[in-house]
Amino acid sequence: MYSLSNFKLLVEKQEEIDAIYQNCDELKITTVEPKISSEVEHFFECSKKHLESQGFKVTVTTSKLNAQYKQAFITIDKHSKDLEECIFINLNNYVEDQLSIMLDIESQQSQQIITYNKDGFSSALDQVTEKLNRAKNLQNACRATKLIYKNNQNNIFHSADEAINFYFK
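Residues numbered from 1 in each chain as written. Predicted model: local features only at pLDDT ≥ 70, side-chain atom pairs only at ≥ 80, totals over all residues. Heavy atoms only, no water.

Asker: I tried to follow the packing of aromatic side chains on my own but got confused; where do I start?
Answerer: Given two aromatic rings, their pairing is described by the distance between the two centres and the angle made by the two planes. Evaluated as defined, the whole model comprises five aromatic pairs. Plain terms: the ring middles of F56 and Y69 are 5.6 Å apart, the flat faces sit at 45° to each other, and that makes the pair tilted. In this pair, F56 sits in the loop between α1 (4-53) and β1 (57-60) while Y69 sits in strand β2 (residues 64-69), placing the two residues 13 residues apart along the sequence. Ring geometry for F157 versus F166: centroids 5.0 Å apart, planes at 45°, classification tilted. Classification of F166 by relative accessible area gives partly exposed; the value is 36%. By the ring-pair criterion, three or more aromatic residues cluster together here, those being F157, F166, Y167 and F168. (Phe/Tyr/Trp six-rings, centres within 6.5 Å; stacked < 30°, edge-to-face > 60°. Helix = DSSP H or I, 4+ residues; strand = E, 2+ residues; numbered from the N terminus. Buried < 20%, exposed > 50% of the residue type's maximum accessible area, 1.4 Å probe, protein only.)

Structure representation (structure tokens):
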């Protein structure tokens with residue numbers, strides 16, 4: 001048995017999800033991507049300043065920072081992904097780590113969709129509810145545009161200085 005009220009609810013929630021993702025696409029272009037780009041520039045600038053103060057000779061391009069001290073070198077490379085900028089830090093080919101500057105998307109549970117009849121649409125409604133929650137979390141994150149730094153070991157840094165101090169003590 002399938003309930004038309006649950007079917008209509010399913011369609012309405014999918015429309016809401018689509019509208020939220022469309023809004024998120026606009027926010028990514030106008031707010032998130034410029035902020036991530038600015039933060040990457042800031043990270044490169046802070047890294048350059050810190051490494052120069054440690055005696056390294058530093059050269060910077062739009063996508064790379066090279067620092068050399070005698071025969072040793074540090075390379076910081078960047079590669080873009082959706083909602084994150086990946087920075088690869090290579091220390092003289094001995095150690096490489098990935099540091100991502102990314103949107104801080106907090107997971108918050110929204111209320112469940114109330115169904116009036118348990119039917120074949122119930123499991124689909126549960127899935128749509130989960131998808132709606134993820135969409136709302138993304139939208140909230142795009143509006144707040146709070147960025148974090150996160151590396152492969154899941155260490156989280158809240159500023160360029162924290163990340164630089166971790167890598168270049």
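Asker: When you look at the side chain of E84 in this model, what are you seeing that I'm missing?
Answerer: Considering the arrangement of structural elements, one finds E84 in strand β4 (residues 84-91). Here E84 sits buried without a salt bridge, and the closest side chain of opposite charge, K81, lies 4.7 Å off (N-O distance). (Lys, Arg positive; Asp, Glu negative; His and termini not counted. Salt bridge = Lys/Arg side-chain N within 4 Å of Asp/Glu carboxyl O.)

Asker: Please explain the nonpolar core as it appears in this structure.
Answerer: Soluble globular proteins tend to pack their nonpolar side chains together in the buried interior. If you look at the biggest cluster of nonpolar residues, it comprises 40 residues, and the most contacted ones within it are F43, I76, I89, L99, L103, Y149 and F168. Element by element, the count of residues in this core is highest for α1, at 13 residues. Setting aside chain neighbours within four positions, we find I89 in contact with F43, T75, I76, V95, E96, D97, L99, Y167 and F168. (Core = buried A, V, L, I, M, F, W, Y, C linked by side-chain atoms within 4.5 Å. Contact = heavy atoms within 4.5 Å.)

Asker: Would you mind going over the packing of α1 against helix α3 (residues 160-167) with me for this structure?
Answerer: Relative orientation and spacing of two packed helices are given, respectively, by the angle between their axes and the distance between those axes. Where α1 meets α3, the closest approach of the two axes is 10 Å, and the angle between their N-to-C directions is 45°. The orientation of α1 relative to α3 falls into the category oblique. By crossing handedness, the relation of α1 to α3 is classed as right-handed. Of the residues in α3, those in contact with E39, H42, F43, C46, S47 and H50 of α1 are A160, D161, A163, I164 and N165. In terms of residue class, the contact of α1 with α3 is made up of five nonpolar, four polar and two charged. (Axes fitted to C-alpha atoms, helices over the stretch in contact; angles between N-to-C directions. Parallel < 35°, antiparallel > 145°, perpendicular 65-115°, else oblique. Left-handed = near helix turned anticlockwise from the far one by under 90°. Nonpolar A, V, L, I, M, F, W, Y, C, P; charged D, E, K, R; others polar.)

Asker: I tried to follow the pattern of salt bridges on my own but got confused; where do I start?
Answerer: Side chains that differ in charge, positive against negative, can pair when their charged atoms come close. In this structure the tally under the stated criterion is six salt bridges. One salt bridge connects E16 with K13, and the closest N-O pair in it is separated by 3.5 Å. Residue E16 and its partner K13 are both found in helix α1; the two are separated by three residues, about one turn of the helix. According to the relative accessible area criterion, E16 is partly exposed, its value standing at 27%. Judged by its relative accessible area of 21%, K13 falls in the partly exposed class. The structure contains a network of salt bridges with shared partners spanning K13, E16 and K136.

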